[in-house]
Amino acid sequence: MIVPAPLVNACIIDNNKIYAYGFKKLLSIKDLSNQVTHFENGSDAIAHLKNPGNALNLPDIIFLDLSMPVMDGWEFMKEFEEIKSQLGKKISVYILSSSIDSHDIDRAKNIPSVSGYIFKPVDVQRLQEIFKNLQGIARQ
Amino acid sequence: MSFSEDKFSDDSRLHLAQIIDNINAGIWEYNINTRAIKWSAGFYSILGYETNEIECSNHIFFDHLLYHQDKAVFLNALSDQGTTPAKPIQIRLLTKSSGYHWFESTIKRQHDRNGQIIYGSIININQYKQAELRAARNDQHYGDTIRIAKLGSWEIDAASLNLTLSKQIYDIFELQSEIKLSIEEAVSFFEPPYRPVIQNAINNALEFCQPYDLELLFRTAKNHVIWVRAKGVPIINEYGRCVTIRGILQDIDSNKRKGLSLESSLNLLTDQNRRLQNFAYIVSHNLRSHTGNLQFMVNLYEETELEEDRTEIFAHIKSISSSLNATIEHLNEIVKIQTEITNERSIINFEAIFNNIQSAIKSNIEAVNARIEYDFSQSPQISYIPAYMESILQNLLTNALKYSHPDRQPLIKCHTLKERNHIYLIFEDNGIGIDLDRYGDKVFGMYKTFHQNPDAKGIGLFITRNQIEALGGTIKVESTVNIGTKFTIKLV
């Protein structure tokens, strides 16, 4: 008997609309998630997370770009660290960036709530592993 | 013949002669009329001879004992008819065993019953003379060294604040005569910004016994501006108070200027290197992100079967293609800045060029109903690369229009300033401003955008900065969110 995978609620924070579109499409084609919210910068995402109206609809996983106007990925992480304990849900954060600068990668590693660093454009296998783990955790 | 052999008429003379023969000074006597010559025993012994070991004669004295170069001195002294007692002369005489020594001889002239007599006493001054010559040589050496080092020494007496300057200092000051200078007068030779620096250093040395070593700009009496090194060391008494400051002043102009030009080349190189790195970053980051997206979309296109998805994906591919093109254009523009830098500069009229730009972007100005004021009277013209100036003014102007505040009429002010040898361009607006505490130096970075403005490309100010810096200028920004932004540009 096939157990239906629990729905994973994903979120992508990236000012590049084309990329966000592709990412959403990919998750849908690969049956990883049909529920992907997109924010164009960190500030909009923080507002969404903080809004009590969204408390029941928080993402399980966030894919975060680094370079964005208004509030970039680093600033988002700073704010996220501060509010995460009040969110009532464990949210995994993956950096999703085209930067291959070792300085950026090390900096991301040193942020406690960052679970991993994925290079753009995309690594389908890696995404599948990440979602499999998430579903495993959700099932428990 | 010695003095004691002479037949003196009385006892006292005999007595005196014996004393003379026994002291270790040489006495000589010369009768001008008879040309007779007498030496005391001491004269022989002072030269290292036994009495009468050598013949006492004019011939021996002038041709053997007296150093040939000193003959003139001696003969002059003999023939000097002055009534005042002649000054002692210094001559070299050949000693028996140790070569020529320096001697000092007194010369006295007297009329005797035997005619006109000249007599004198000689003493060996060799040691002192050698020391004196050594000292003179050292002085010469010291003088030469100091001249080569372009160095002068000075001293300030702490109690009287009296300033003493060495001759070389006057050379550095290019003062004709060694006139007395007060501290204030000496300080006034330094260029205005350095006067408080040197004055404070002197005060601190006097008060707190602090030594100093400074490199300062100095204007000589002949109006040459040179770099000097001013070093002062306080001399401290047993109570720990400064009694004197002793110091040097050195002309280090040529070295300092070499150092400064080296430093400015280094800065230029560092700047260029930074720009190159930035360029490399743009190439790797921005092009990578476009090509990555392109690859992503192509893959998706292949994986999708739905026709409507394919249409949408293809539209995105087209959009990426044009972004890629735009980025390449931007990179081209940056490369162009570097190649255009060798273009001829020409005299540009600020007002004419500014008005041209205003009419070129007239529709943008009218769209936000902006009021634009300018005043280029302080510096109406500048020698600049025309294409750069157009680009700089246009970027700043479109930027100010793009980020105008929605709640008020945009007011844009532009003026030039002339300060010392520099020309500044000031550009102010009352727009939405930018949070510099957050973004700081990123303002001028490439593809850095700070507002959710769809027109923001993050290229204008990057290019503006590159153009300004390529011609040796600087650009600074001050801004307050919701109040406005002010750019201060040092053009040359």
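For clarity, every value in this text was computed on a predicted model and none was experimentally measured.

### Some words on the overall build of chain B
Stage number 1. In terms of regular secondary structure, chain B is built from 15 helices and 18 strands.
Stage number 2. Its C-alpha atoms give chain B a radius of gyration of 45 Å, more than 25% over the compact-globule value 23 Å for 492 residues.
Stage number 3. Summarising its shape, the C-alpha atoms of chain B cover approximately 150 × 50 × 50 Å along the three principal directions.
Stage number 4. Looking at chain B residue by residue over its 492 residues, the buried ones come to 41%.
Stage number 5. As displayed, chain B offers around 27800 Å² of accessible surface, 51% of which is attributable to carbon and sulfur atoms.
Stage number 6. Side-chain charges of chain B comprise 50 positive and 59 negative groups, with the mean position of each set lying 3 Å from the other.

### Describing the UniProt feature "modified residue: 4-aspartylphosphate" (unreviewed entry) in chain A
Stage number 1. UniProt's feature table lists "modified residue: 4-aspartylphosphate" (unreviewed entry) at D65 of chain A, given in the numbering used throughout.
Stage number 2. Look past the residues within four positions of D65 of chain A in its chain and what remains in contact with it is I13, D14, N15, G73, L96, S97 and K120 of chain A.

### Notes on a nonpolar patch on the surface
Stage number 1. Where nonpolar side chains cluster on the molecular surface, the patch consists of L16, I19 and I23 of chain B and spans about 260 Å² of accessible area.
Stage number 2. Topologically, L16 of chain B is positioned in helix α1 (residues 11-22).

### Thoughts on the UniProt feature "domain: Response regulatory" (unreviewed entry) in chain A
Stage number 1. The sites that carry the UniProt feature "domain: Response regulatory" (unreviewed entry) are, in the present numbering, residues 9-135 of chain A.
Stage number 2. Here residues 9-135 of chain A runs as 42% helix and 20% strand, with 11 Å between its end C-alpha atoms.

### Some details on the UniProt feature "domain: PAC" (unreviewed entry) in chain B
Stage number 1. Within the UniProt annotation, "domain: PAC" (unreviewed entry) is assigned to residues 212-264 of chain B.
Stage number 2. Across residues 212-264 of chain B, the secondary structure splits into 23% helix and 57% strand, with the terminal C-alpha atoms separated by 26 Å.

### Notes on the packing of helix α11 (residues 350-360) of chain B against helix α13 (residues 386-402) of chain B
Residue and element names in this part refer to chain B.
Stage number 1. Running from N to C, α11 and α13 cross one another at 55 degrees; their axes reach a closest spacing of 10 Å. For the element pair α11 / α13, the angle class is oblique. Pair α11 / α13 crosses with right-handed handedness. Where α11 abuts α13, its residues F350, I353, F354, I357 and Q358 lie against P386, M389, E390, L393, Q394 and L397.
Stage number 2. Split into classes, the residues belonging to the contact of α11 with α13 amount to eight nonpolar, two polar and one charged.

### Examining the pairing of strand β3 (residues 89-94) of chain B
All names here are of chain B.
Stage number 1. Residues of β3 alternate between two faces, with I89, I91 and L93 buried on one and Q90, R92 and L94 left unburied on the opposite face.
Stage number 2. Across six bridges, the pairing between β3 and strand β4 (residues 100-105) is antiparallel. Across the sheet, Q90 pairs through a bridge with E104, a residue of β4.

### Section: the sheet that holds strand β2 (residues 35-39) of chain A
All names here are of chain A.
Stage number 1. An order of β2-β1-β3-β4-β5 is seen for the five strands of this open sheet, with the pairing classed as parallel. If you trace the sheet from one side to the other, it starts and ends with β2 and β5 (114-119), each paired once. Put simply, the sheet's adjacent strands are angled 20 degrees from each other on average, direction ignored.
Stage number 2. Where strand β1 (residues 9-13) and strand β3 (residues 61-64) come together, four bridges link them in parallel fashion. In the strand pairing of β3, A10 is matched with I61.
Stage number 3. Where helix α1 (residues 17-29) meets the sheet, it contacts β1, β2, β3 and β4 (92-97), and its direction lies at approximately 170 degrees from that of β2.
Stage number 4. The strands that helix α4 (residues 102-109) touches are β4 and β5; relative to β5, the one it contacts most, it runs at about 160 degrees.

### Here we look at the interface of chain B and chain A
Stage number 1. Chain B puts 24 residues into the contact, and the matching count from chain A is 23 residues.
Stage number 2. Carbon and sulfur atoms supply 55% of the area that chain B and chain A bury against each other, a total of about 2000 Å² over both sides.
Stage number 3. Our count for the chain B to chain A interface comes out at two salt bridges.
Stage number 4. Residues K25 of chain A and D309 of chain B are paired through a salt bridge, measuring 3.0 Å at the closest nitrogen-oxygen approach.
Stage number 5. Where chain B touches chain A, the interface holds four residue pairs in polar contact (both at pLDDT 80 or more).
Stage number 6. Of all the elements in the fold, those that place two or more residues in the side of chain B that touches chain A are α9 (253-303), α10 (307-340) and α14 (436-439) of chain B.
Stage number 7. For the side of chain B that touches chain A, the class distribution of residues is seven nonpolar, eleven polar and six charged.

### A look at α1 of chain A
Residues and elements named next belong to chain A.
Stage number 1. Over its 13 residues, α1 runs 18 Å from end to end, which matches the ideal 18 Å to within 8%, given 1.5 Å per residue.
Stage number 2. Three or more residues of α1 are buried, namely I18, Y19, A20, Y21, G22, F23, K25, L26 and L27.
Stage number 3. The N-capping residue of α1, defined by a side-chain oxygen 3.2 Å from the backbone nitrogen of I18, is N16.
Stage number 4. Immediately downstream of α1, the backbone of D31 shows phi near 60 degrees, a positive value.

What counts and what doesn't
- Residues numbered from 1 in each chain as written.
- Chains lettered and ligands numbered in written order.
- Predicted model: local features only at pLDDT ≥ 70, side-chain atom pairs only at ≥ 80, totals over all residues.
- Heavy atoms only, no water.
- Helix = DSSP H or I, 4+ residues; strand = E, 2+ residues; numbered from the N terminus.
- Rg over C-alpha atoms; globule rule 2.2 N^0.38 Å.
- Buried < 20%, exposed > 50% of the residue type's maximum accessible area, 1.4 Å probe, protein only.
- Areas by Shrake-Rupley, 256 points an atom, 1.4 Å probe, with all protein chains shown as cover.
- Lys, Arg positive; Asp, Glu negative; His and termini not counted.
- Charge placed at Lys NZ, Arg CZ, Asp CG, Glu CD.
- UniProt positions renumbered as here; feature names shortened; annotations may be inferred.
- Contact = heavy atoms within 4.5 Å.
- Patch = residues over 30% accessible without salt bridge, like charges linked within 9 Å, V, L, I, M, F, W, Y side chains within 5 Å.
- Salt bridge = Lys/Arg side-chain N within 4 Å of Asp/Glu carboxyl O.
- Axes fitted to C-alpha atoms, helices over the stretch in contact; angles between N-to-C directions.
- Parallel < 35°, antiparallel > 145°, perpendicular 65-115°, else oblique.
- Left-handed = near helix turned anticlockwise from the far one by under 90°.
- Nonpolar A, V, L, I, M, F, W, Y, C, P; charged D, E, K, R; others polar.
- Pairing = 2+ DSSP bridges.
- Buried area = accessible area lost by both parts, 1.4 Å probe.
- Polar contact = N/O pair within 3.5 Å; in protein donor to acceptor, adjacent residues only side chain to side chain.
- Expected span 1.5 Å × (residues − 1).

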